[in-house]
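# Structural description and commentary
Residue-level listing of the chains:
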Amino acid sequence: NDSMVKGRTEVGPVNRPVSNATLELLAKRVSGVPKDFDVSFIGVLYPYRIELIEQLRGLGFAIAVNPHRPEAELTGASSRANQPSWLDYMTGLAGSKATINFSQSSAGPFEQLKWRVIEAGLAGTFLLTDDKDRTRLFWDQRDYARFDGIGDLPQIMQSWLSQPAELALASERFHERAVHLARTDFWSSIEKGLQLRGLTPISDSLLRH
């Protein structure tokens with residue numbers, strides 16, 4: 001608000017909507033998937049990420065790196081090639097108790113609410129993120145864990161993994177909220193913004209047509 005036109009309420013932030021059909025397909029695919037890994041990392045393997053993964057493995061954590069893919073090699077090139085389907089990706093995400101999210105934008109040192117945050121919730125895995133400002137706008141801060149730097153991760157991971165009941169409850173609450181955001185928040189956020197601006201709500205437009 002006020003950033004584009006002084007005194008004007010803006011619509012946002014909004015998340016990408018997901019259809020009920022997609023959510024149903026996902027629920028069937030990940031139902032009963034065993035959580036074989038303590039933590040997953042999914043994404044391009046930049047050098048600093050490879051260093052972090054090797055450090056965590058050295059501390060005894062079971063780390064799944066891009067578990068939806070057959071390659072085990074830790075290289076940036078291999079993490080970009082031969083991309084599986086989205087359901088394969090989500091199944092890999094669901095197979096870990098927690099997943100690591102780095103929020104920095106590829107455009108520079110800017111935080112984003114990455115779509116993977118919602119995907120982590122939809123897959124039912126616990127979120128570990130370095131995001132300070134975005135995730136807390138959508139979820140209760142008790143239902144995920146934030147780290148300031150990679151040096152914090154081992155202790156934070158160990159703290160949560162040593163409390164399986166609390167981890168499961170937090171993951172379930174995070175999941176329920178993710179389903180709500182994916183299913184209805186896109187349209188409801190727009191509707192709210194239109195109402196605040198005194199513009200015609202979407203529901204009224206639909207009724208007229």
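Residues numbered from 1 in each chain as written. Predicted model: local features only at pLDDT ≥ 70, side-chain atom pairs only at ≥ 80, totals over all residues. Heavy atoms only, no water.

Here we come to helix H4 (residues 86–94). Among all positions in H4, only Tyr 89, Met 90, Thr 91, Gly 92, Leu 93 and Ala 94 are buried. The inward-facing, buried residues of H4 contact helix H1 (20–30), strand E1 (37–41), strand E3 (96–101) and helix H5 (115–123). (Buried < 20%, exposed > 50% of the residue type's maximum accessible area, 1.4 Å probe, protein only. Helix = DSSP H or I, 4+ residues; strand = E, 2+ residues; numbered from the N terminus. Contact = heavy atoms within 4.5 Å.)

In this section: the pattern of salt bridges. As enumerated under the stated definition, the model contains eight salt bridges in all. Arg 146 is the partner of Asp 148 in a salt bridge, and the nearest nitrogen-oxygen pair spans 2.6 Å. (Salt bridge = Lys/Arg side-chain N within 4 Å of Asp/Glu carboxyl O.)

Read across the sheet, five strands follow the order E2-E1-E3-E4-E5 without closing on themselves; strand pairing throughout is parallel. Two strands lie at the open edges of the sheet, namely strand E2 (63–65) and strand E5 (145–146), each paired on one side alone. Of the pairings in the sheet, the one linking strand E4 (residues 126–129) to E5 comprises two bridges and is parallel in character. Looking at E5, one finds that Thr 129 is bridged to Arg 146. The strands touched by helix H6 (residues 153–161) within the sheet are E1, E2, E3, E4 and E5, with E4 carrying the most contacts at an inclination of about 160 degrees. (Pairing = 2+ DSSP bridges. Axes fitted to C-alpha atoms, helices over the stretch in contact; angles between N-to-C directions.)

Another aspect to go through is the pairing of E1. A regular strand places its side chains on the two faces of the sheet in alternate fashion. In terms of burial, E1 is largely enclosed, as four of its five residues are buried. In the sheet, E1 pairs with E3 via four bridges, with the strands oriented parallel. When the sheet's bridge partners are listed, Phe 41 is paired in E3 with Ile 100. With three bridges connecting them, E1 and E2 associate as parallel partners. The residue bridging Ser 40 from the neighbouring strand is Ala 64, located in E2. This β-α-β element, E1 to helix H2 (residues 47–58) to E2, shows right-handed connectivity. (Right-handed = clockwise from strand over helix to strand, strands pointing away.)

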